[in-house]
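# Coordinate analysis (summary)
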Amino acid sequence: MSKLDEKLQQLYQQSKTEHPMPQQLKQQLLQLTSKPKAKNWKSLWPAMQGLAASVALIWLAQQLWWQPAYYQIVLQSDTTYHQVQLHSLAKNETLPEQTAYQQRYQQYQHARQQLDHSNSLVGQLRFADQQWQIEVCDQLLVKIDQQLALELQQDQPWLAGQWVELKTGQQGQILAVQSGKQPLHCSS
Amino acid sequence: MLLSWLIRRDTEPESDPLSLMQSYIQTDNPAYLALLINCYGDDLYHFLLKQTDPALAADLSQQSWLKVMEQKQQFAGHSSFKTWLFAIGRNLLLDEFRKQKRWLYEVNEELVAEDTSPDQLLEQQQNELQLQQLLLRLPLLQRETLLLQLEGFSLQQIAQITAAEPETVKSRLRYARQVLAKQFGGHDE
């Protein structure tokens, strides 16, 4: 080793001794290392998948079991219309859950079968007395309760004054409310 | 007896830096990193301090260790832990210099001590020239190369840290020594 190397090395070691890392910085670093770190998202992925699956299952169960079980049509007397129907979804909490599920599934299957053979009426939508109604000329007024109206509007929201085609099943229950055209005339 | 041996093995700190780092990667146990900080914290800080001011050296030291924590999976073990650590610190320093436009290829006269008349210089030499003043006479790349050599890194390791060819490292060291030899009055024997 040359004299220059010796000198440099001596000065370098002296400098290192005189300038260690500040104690405060070392303490900060040591504290940082001991802090619990945020979980890596990758490691949380299986848990997130499990959570998503649970939420989906709960939602499905809610759809199947906690929805109202019965479709109800109440006929009302009215001086203006030939007939007034009040369509609603009625809860039946006395039924066991399994029965409610089976019934809802049967309703679904039944509705699918009936859709092709459904009756069709054209009427105008209106919103009165906090309730959606469909006026079919002066022959029929169909009142739809809030819960059923919400379900029927899942695909497309209704507009008051809109002409719609009312698809009804064999028992008269509403299967669907679709956009329709104004009829040329109302038969009296 | 077997149990006590197992317990002792489990709690005994690893002494080899490479093993310490590998254990840290595998277990995420901060105790291993704390040992590494105790081993190399002063070395890295001093390397940075010799090229900048104390506040920035402290800041860059902290950033370097944070990068070690964040990027520990990138440590492949192809180089020593210290080489990897210094490469991180060096890159952070260069980033800072680029930000501050302090990229020095030539001697920066502003950083050289102002009172450097021949008489005063001679006096300083006689009174043990401070390393900092000597180093400030070197361009950045020569300075860092020399510092790394004084820190004990081999040519190959310096080449890894500075992302340069070994021949380039040799060349930088040669020029650095020539400049310093003049300062010492031709004592490079």
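The numbering scheme is per chain: residues are counted from 1 as the chain's sequence reads. Chains and ligands are labelled sequentially in the order written, the chains with letters from A and the ligands with numbers from 1. Residues qualify for local features only when their pLDDT is at least 70, as the model is predicted, and side-chain atom pairs are given and counted only at 80 or more; totals for whole chains, interfaces and linings, by contrast, use all residues.

The secondary structure content of chain A amounts to 5 helices and 7 strands. Each helix is a run of H or I in the DSSP string that is no shorter than four residues. Each strand is a run of E no shorter than two, and both are numbered from the N terminus. For chain A, the succession of helices and strands along the chain, N to C, is α-α-α-β-β-α-β-β-β-α-β-β.

Within soluble globular proteins, side chains that are nonpolar generally end up buried alongside one another. What we call a nonpolar core is a set of buried Ala, Val, Leu, Ile, Met, Phe, Trp, Tyr and Cys residues whose membership is set by joining through C-beta atoms within 7 Å. To sort residues by burial, count the other C-beta atoms lying within 10 Å of each one's C-beta; a count of 20 or more means buried, 12 or fewer means exposed, and anything in between means partly exposed. C-beta atoms are built from the backbone. One finds Leu44(B), Tyr45(B), Leu48(B), Leu85(B), Phe86(B), Leu148(B) and Ile158(B) to be the most contacted residues of the largest nonpolar core, which totals 44 residues. Per-element tally for this core: the top contributor is helix H3 (residues 30–49) of chain B, with 10 residues. Domain assignment of the residues forming this core places at least three in each of domain 1 (13–103) and domain 2 (109–189) of chain B. We call two residues in contact when their backbone-placed C-beta atoms lie within 7 Å. If near-sequence neighbours (up to four positions away) are discounted, Leu85(B) is found in contact with Tyr40(B), Leu44(B), Ser64(B) and Val68(B). Grouped together as the second largest cluster of nonpolar side chains are 13 residues, Ile134(A), Val142(A), Ala149(A) and Val177(A) included. The source of the domain bounds is an automatic or database domain assignment.

Residue and element names in this part refer to chain B. Think of each axis as a best-fit line through the C-alpha atoms, taken over the contacting stretch in the case of a helix, with angles from 0 to 180 degrees between the N-to-C directions. Between helix H2 (residues 17–27) and H3, the least distance of the axes is 8 Å, while the angle of their chain directions is 145°. The handedness of the crossing between H2 and H3 comes out as left-handed. In this structure, H2 contributes Pro17, Leu20, Met21, Ser23 and Tyr24 to the contact, and H3 contributes Tyr32, Leu33, Leu35, Leu36 and Cys39. Taken together, the residues that form the contact of H2 with H3 break down as 9 nonpolar, 1 polar and no charged. Crossing handedness is read from the near helix: turned anticlockwise from the far helix by less than a right angle, it gives a left-handed crossing, and turned clockwise, a right-handed one. Each residue receives one of three labels: charged for Asp, Glu, Lys and Arg, nonpolar for Ala, Val, Leu, Ile, Met, Phe, Trp, Tyr, Cys and Pro, and polar for the others, Gly being one of them.

A few words now on helix H10 (residues 166–183) of chain B. Residues and elements named next belong to chain B. Taking 1.5 Å of rise per residue, the 18 residues of H10 would be expected to cover 26 Å, and the 26 Å separating its terminal C-alpha atoms lies within 8% of that figure. Turning to H10, its buried residues number three or more, namely Val169, Arg172, Ala176, Arg177 and Leu180. With its buried residues spanning 135° around the axis, H10 presents them on a single face. Facing away from the buried side of H10, by more than 90 degrees, are the exposed residues Glu167, Arg174, Gln178 and Lys182. By definition here, a helix of n residues has an expected span of 1.5 Å times n minus one. The directions considered for the arc are those from the helix axis to the C-beta atoms.

Bringing the packing of helix H4 (residues 54–70) of chain B against helix H5 (residues 81–100) of chain B into the picture now. Residues and elements named next belong to chain B. Contact geometry for H4 and H5: axes closest at 9 Å, N-to-C directions at 130°. Taken together, the axis directions place H4 and H5 in an arrangement best described as oblique. The hand of the H4/H5 crossing is right-handed. On H5, the residues that touch Leu56, Leu60, Gln63, Ser64, Lys67 and Val68 of H4 are Leu85, Ile88, Gly89, Leu92, Leu93 and Glu96. Across the contact of H4 with H5, the residue classes tally to 7 nonpolar, 3 polar and 2 charged. With respect to orientation, any angle under 35 degrees is reported as roughly parallel, any angle over 145 as roughly antiparallel, any angle of 65 to 115 as roughly perpendicular, and every other angle as oblique.

Right, let's talk about the interface of chain A and chain B for a bit. Many analyses report the size of an interface as the accessible area lost when the parts associate. Contact residues are listed per partner, giving 21 residues for chain A and 22 residues for chain B. Looking at the side of chain A that touches chain B, the elements that each hand over two or more residues are helix H1 (3–18) and helix H2 (23–34) of chain A. The element best represented in the side of chain A that touches chain B is H1(A), accounting for 9 residues. Classifying every residue of the side of chain A that touches chain B gives 10 nonpolar, 7 polar and 4 charged.

The next thing to look at is the pairing of strand S7 (residues 174–179) of chain A. All names here are of chain A. Only strands joined by at least two bridges in the DSSP assignment are considered to pair. Here 5 bridges tie strand S6 (residues 163–168) to S7, and the two strands are oriented antiparallel to one another. From the neighbouring strand, lysine 167 faces S7, where its bridge partner is alanine 176. The turn joining S6 and S7, which pair antiparallel and follow one another in sequence, is formed by 5 residues; a positive phi near 90° is taken by glycine 172.

Regular strands place side chains that alternate from one sheet face to the opposite one. Residues and elements named next belong to chain A. Note: strand S3 (residues 119–128) against S6, 6 bridges, orientation antiparallel. Paired with valine 122 across the strands is glutamate 165, a residue of S6. Here S3 runs beside strand S4 (residues 131–136); their pairing, made up of 5 bridges, is antiparallel. Bridge pairing in S4 places leucine 125 opposite isoleucine 134.

We now examine the sheet that holds strand S2 (residues 83–90) of chain A. All names here are of chain A. Read from one edge to the other, the open sheet built from 7 strands follows the order S1-S2-S5-S4-S3-S6-S7, with strand pairing classed as mixed. In the strand order of this sheet, the two ends are held by strand S1 (70–76) and S7, each with one partner. Sheet twist, expressed as the average angle between the axes of neighbouring strands with direction ignored, equals 30°.

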